[in-house]
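# Structural overview for review
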Amino acid sequence: AHYGAHESVRIPTFGRALTYEPTTCEVLVAARNQVVRINLEEGRFVEPWALDGTTATCIDVHPLHPMAGAGCEDAAVRFWDSRAANVKPFLKLDVGAATFGYGYHDEYNRHANDVYSIAFDDSGLYMAAGCGSGVVALYDVRSSRPLFIQEHKLGLPIHTVRFHTSSGLVLSSDEQLIKAWRYKPKSSLVDSSNNSDGGSVG
């Protein structure tokens, strides 16, 4: 707030990103070796999610299901079921292997495979992952293979990816540019201004 903070909480390790999980009323903080969980309803820390020695750089929550995903420095995205007692991820998606050969790689680019940003679209069927090599991998969440890989061509890390679902676009950004590219065909988009005939955007 403009007059200051309502509350401050110290976390065990330096955080890189945070999000809110409405199913469990928890703040999730991507950090080194773990995802820190703070239950706002109970006002206490919950057992953190384990990361097996890597660092989480970004985190997002599925819009429809109690599931969260964290992008990590080992070129993977890990997924947890927010309802489960198990602190280990139920799935590890190897984005680095899927994007190998794309983007900018050399011996000086140590973070080429780091996943710096992830996002789910509003339907929950698609996920985008932005990498240090300057590529964005688009996934159908039901498959471990990307539907499409978009390259920014500048060799700069992708620090932000977002979906603009109503227009069928993904917005991806590095330090120098923002790209808007289509992930849904125009014929699949419903014109919200005319619901009576279910027309599509041309």
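Residues numbered from 1 in each chain as written. Predicted model: local features only at pLDDT ≥ 70, side-chain atom pairs only at ≥ 80, totals over all residues. Heavy atoms only, no water.

## Examining the pairing of strand β10 (residues 146–151)
Where strand β9 (residues 135–140) lies against β10, 5 bridges are found, and the strand directions are antiparallel. Looking at β10, one finds that Val 135 is bridged to Glu 151. (Pairing = 2+ DSSP bridges. Helix = DSSP H or I, 4+ residues; strand = E, 2+ residues; numbered from the N terminus.)

## Concerning the nonpolar core
Membership of the largest hydrophobic core comes to 16 residues, with the highest contact counts inside it found for Val 77, Phe 79, Leu 93, Val 95, Val 115 and Met 127. Of all elements in the fold, only β5 (76–81), β7 (115–120), β8 (126–131) and β9 reach the threshold of two or more residues within this core. Apart from the residues lying within four places of it in its own chain, the contact partners of Leu 93 are Ala 75, Ala 76, Val 77, Phe 79, Met 127, Tyr 139 and Ser 144. Core analysis: the second largest hydrophobic core is formed by 13 residues, Val 35, Leu 51, Ala 56 and Cys 72 among them. (Core = buried A, V, L, I, M, F, W, Y, C linked by side-chain atoms within 4.5 Å. Buried < 20%, exposed > 50% of the residue type's maximum accessible area, 1.4 Å probe, protein only. Contact = heavy atoms within 4.5 Å.)

## Things to note about the environment of Tyr 116
Within the secondary structure, Tyr 116 sits in strand β7. Linking Tyr 116 and Ala 129, residues 13 residues apart in sequence, is a C-alpha distance of 7.6 Å. At a separation of 3.5 Å, a polar atom in the side chain of Tyr 116 contacts the side chain of Asp 114. (Polar contact = N/O pair within 3.5 Å; in protein donor to acceptor, adjacent residues only side chain to side chain.)

## Notes on the layout of surface pockets
Space inside the largest pocket adds up to approximately 210 Å³. Lining of the largest pocket is provided by 16 residues; of these, Asp 60, Ile 118, Ala 119, Phe 120 and Arg 162 occupy positions nearest its centre. Of all elements in the fold, only β1 (15–21), β3 (44–61), β7 and β11 (160–164) reach the threshold of two or more residues within the lining of the largest pocket. By residue number, the principal contributor to the lining of the largest pocket is β7, which donates 4 residues. (1 Å grid on protein atoms, 1.4 Å probe; cavity = no way out; pocket = protein on both sides within 12 Å on 5 of 7 lines; lining within 4 Å. Points joined across faces, edges and corners; volume = space filled by probe spheres on them.)

## Remarks on the packing of aromatic side chains
Across all of its chains, the model carries 4 aromatic pairs by this definition. A centroid spacing of 5.2 Å and a plane angle of 75° characterise the contact between Tyr 126 and Tyr 183, whose relative ring orientation is edge-to-face. With a gap of 57 residues between them, Tyr 126 in strand β8 and Tyr 183 in the segment after β13 (178–182) connect regions that are remote in the sequence. Note on Tyr 126: relative accessible area 18%, which makes it buried. Look at Phe 148 and Trp 181: their rings are 5.7 Å apart centre to centre, the planes differ by 45°, and that puts the pair in the tilted class. Placement of Phe 148 in strand β10 and of Trp 181 in strand β13 is noted, with a sequence separation of 33 residues between them. When its relative accessible area of 41% is taken as the criterion, Phe 148 is described as partly exposed. A connected cluster of aromatic rings, assembled from ring pairs, spans Tyr 126, Phe 163 and Tyr 183. (Phe/Tyr/Trp six-rings, centres within 6.5 Å; stacked < 30°, edge-to-face > 60°.)

## Let's talk about the sheet that holds strand β6 (residues 91–94)
With antiparallel pairing, the 6 strands of this open sheet are ordered in space as β1-β2-β3-β4-β5-β6. Strand pairing shows two members of the sheet lacking a second neighbour, β1 and β6, which therefore form its edges. Each strand of the sheet is rotated relative to its neighbour by a mean of 30°, with strand direction disregarded. As paired elements, β5 and β6 share 4 bridges and run antiparallel to each other. Bridging across to β6, Arg 78 finds its partner in Lys 92. (Axes fitted to C-alpha atoms, helices over the stretch in contact; angles between N-to-C directions.)

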